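# Structural features, examined
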Amino acid sequence: MESSNYKILLVDDESDILEFLSYNLKKEGFQVATAGNGVEAIDKAKKFHPHLIILDVMMPEMDGIETCEKIRSIPDFQDVLISFLTARGEDYSQIAGFEAGADDYINKPIKPKVFISRVNALLKRSGRISDDTSNPSTRLITIGNLSIDRERYLIIQNGNEFSLPRKEFELLLLLVSRPEKVFTRDDIYAAIWGEKIIVGDRTIDVHIRKLREKIGDRFIQTIKGVGYKFVDVD
């Protein structure tokens, strides 16, 4: 997809940052909308239908973490990419951001070329699962009582359907792609976030924990000091 077909929503309470980032994105051909706080961002998202939302953490009325959680609770935005843009330290904001359903985390200040590179990497990775899903046999992956619908980004378990944030879905799909294979932390970082993207050490742990909360502890086994593997329990 050409950059002109991608819609990006920028959310920050500092107008100079919005103007600076918007200018550089538009220069690259992206369609851009802006919002000054979380409440406005949700309203804009419903009208603009962005492919990517870039959120500041510290904002008035509704901060970025709460905004992200509310956006993820809207069915139409389960698959939208969300990245935080913030100057806050890693310990709170990175973990809280991923807990809320974010896909990435960008520190500011950031140089225009680096910012555009991160945006392009995010959008490129979002289309990574692009195999033919028109055939139901390739669209649906079933292991035991767990089925993964790759086309609809849905999980079916014991007759119940539910969706996952994009990164959790992609992580589960990676593990399921080769049951019993141990994926190292480096394997997972490279496949899900990309080798050039730097994320916190606990990022994978947070996503694995959230997956276990949703599908059950028994499917994903920790191999201490190495990584994780998906176990066919039935």
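About the criteria used
Residues numbered from 1 in each chain as written. Predicted model: local features only at pLDDT ≥ 70, side-chain atom pairs only at ≥ 80, totals over all residues. Heavy atoms only, no water. UniProt positions renumbered as here; feature names shortened; annotations may be inferred. Phe/Tyr/Trp six-rings, centres within 6.5 Å; stacked < 30°, edge-to-face > 60°. Helix = DSSP H or I, 4+ residues; strand = E, 2+ residues; numbered from the N terminus. Buried < 20%, exposed > 50% of the residue type's maximum accessible area, 1.4 Å probe, protein only. Salt bridge = Lys/Arg side-chain N within 4 Å of Asp/Glu carboxyl O. 1 Å grid on protein atoms, 1.4 Å probe; cavity = no way out; pocket = protein on both sides within 12 Å on 5 of 7 lines; lining within 4 Å. Points joined across faces, edges and corners; volume = space filled by probe spheres on them. Nonpolar A, V, L, I, M, F, W, Y, C, P; charged D, E, K, R; others polar. Patch = residues over 30% accessible without salt bridge, like charges linked within 9 Å, V, L, I, M, F, W, Y side chains within 5 Å. Areas by Shrake-Rupley, 256 points an atom, 1.4 Å probe, with all protein chains shown as cover. Lys, Arg positive; Asp, Glu negative; His and termini not counted. Charge placed at Lys NZ, Arg CZ, Asp CG, Glu CD. Pairing = 2+ DSSP bridges. Core = buried A, V, L, I, M, F, W, Y, C linked by side-chain atoms within 4.5 Å. Domains from an automatic or database assignment.

- Going by an unreviewed UniProt entry, the protein chain carries the name Phosphate regulon transcriptional regulatory protein PhoB and comes from Labilibaculum manganireducens.
- Its UniProt record gives the protein chain the following Function (unreviewed entry) comment, quoted word for word: "This protein is a positive regulator for the phosphate regulon. Transcription of this operon is positively regulated by PhoB and PhoR when phosphate is limited."

### Some details on the packing of aromatic side chains
- Enumeration according to the criterion identifies two aromatic pairs in this entry.
- Ring centres 4.3 Å apart and planes at 25 degrees place the aromatic pair Tyr153 and Phe169 in the stacked group. On the criterion of sequence distance, the pair formed by Tyr153 in the loop between strand 7 (146–149) and strand 8 (154–157) and Phe169 in helix 7 (residues 166–177) is long-range, its members being 16 residues apart. The same class applies to Tyr153 and to Phe169, which are both buried.
- Each ring, one from Phe219 and one from Phe230, has its centre 5.5 Å from the other, and the planes form 20 degrees; the classification is stacked. Separated by 11 residues along the polypeptide, Phe219 in the loop between helix 9 (203–215) and strand 11 (220–223) and Phe230 in strand 12 (residues 227–230) bring together distant segments of the chain.
- Overall, Phe219 belongs to the buried group, its relative accessible area being 1%.

### Quick word on the pattern of salt bridges
- Enumeration according to the criterion identifies 10 salt bridges in this entry.
- Residues Lys47 and Asp43 are paired through a salt bridge, measuring 3.3 Å at the closest nitrogen-oxygen approach. With Lys47 and Asp43 both in helix 2 (residues 38–48) and four residues apart, the pair spans about one turn of that helix.
- A relative accessible area of 40% places Asp43 in the partly exposed class.
- Between Lys210 and Glu99 there is a salt bridge whose closest N-O contact spans 3.6 Å.

### So, empty space enclosed by the protein
- Evaluation of the coordinates by the stated rule reveals one cavity of 30 Å³ or more.
- Its volume calculated, the largest cavity comes out at about 40 Å³.
- Those elements that place two or more of their residues in the lining of the largest cavity are strand 1 (7–11), helix 1 (15–27) and strand 3 (52–56).
- Broken down by class, the residue content of the lining of the largest cavity amounts to eight nonpolar, no polar and two charged.

### Digging into unusual backbone geometry
- Its identity as a non-glycine residue notwithstanding, Glu61 has a phi of 70 degrees, on the positive side.
- Residue placement: Glu61 occurs in the loop between strand 3 and helix 3 (64–72).
- Glu61 sits in the exposed class, given a relative accessible area of 66%.
- One non-glycine residue with positive phi stands out, namely Glu180, at about 75 degrees.
- Tracing the backbone shows Glu180 in the loop between helix 7 and strand 10 (183–184).
- The class for Glu180 is partly exposed, based on a relative accessible area of 41%.

### Things to note about a negative patch on the surface
- Together, Asp13, Glu14, Asp16 and Glu19 line one region of the surface with negative charge.
- Looking at the element boundaries, Asp16 is found in helix 1.

### What about the pairing of strand 6 (residues 140–143)?
- As paired strands, strand 6 and strand 7 are joined by four bridges and run antiparallel to one another. Residue Ile141 lies in a different strand from strand 7, and its bridge partner there is Ile148.
- Where strand 6 folds back on strand 7, the antiparallel hairpin that results is connected by two residues, among which Gly144 adopts a positive phi of roughly 60 degrees.

### Quick notes on the nonpolar core
- In this structure, Ile53, Leu172, Ile188, Ile220 and Phe230 are the most contacted members of the largest nonpolar core, which totals 53 residues.
- No other element matches the seven residues that helix 7 contributes to this core.
- The residue makeup of this core includes at least three contributed by each of domain 1 (7–125) and domain 2 (144–230).
- In terms of nonpolar packing, the next biggest core, distinct from the first, is built from 20 residues, Tyr6, Leu18, Leu21 and Ile116 among them.

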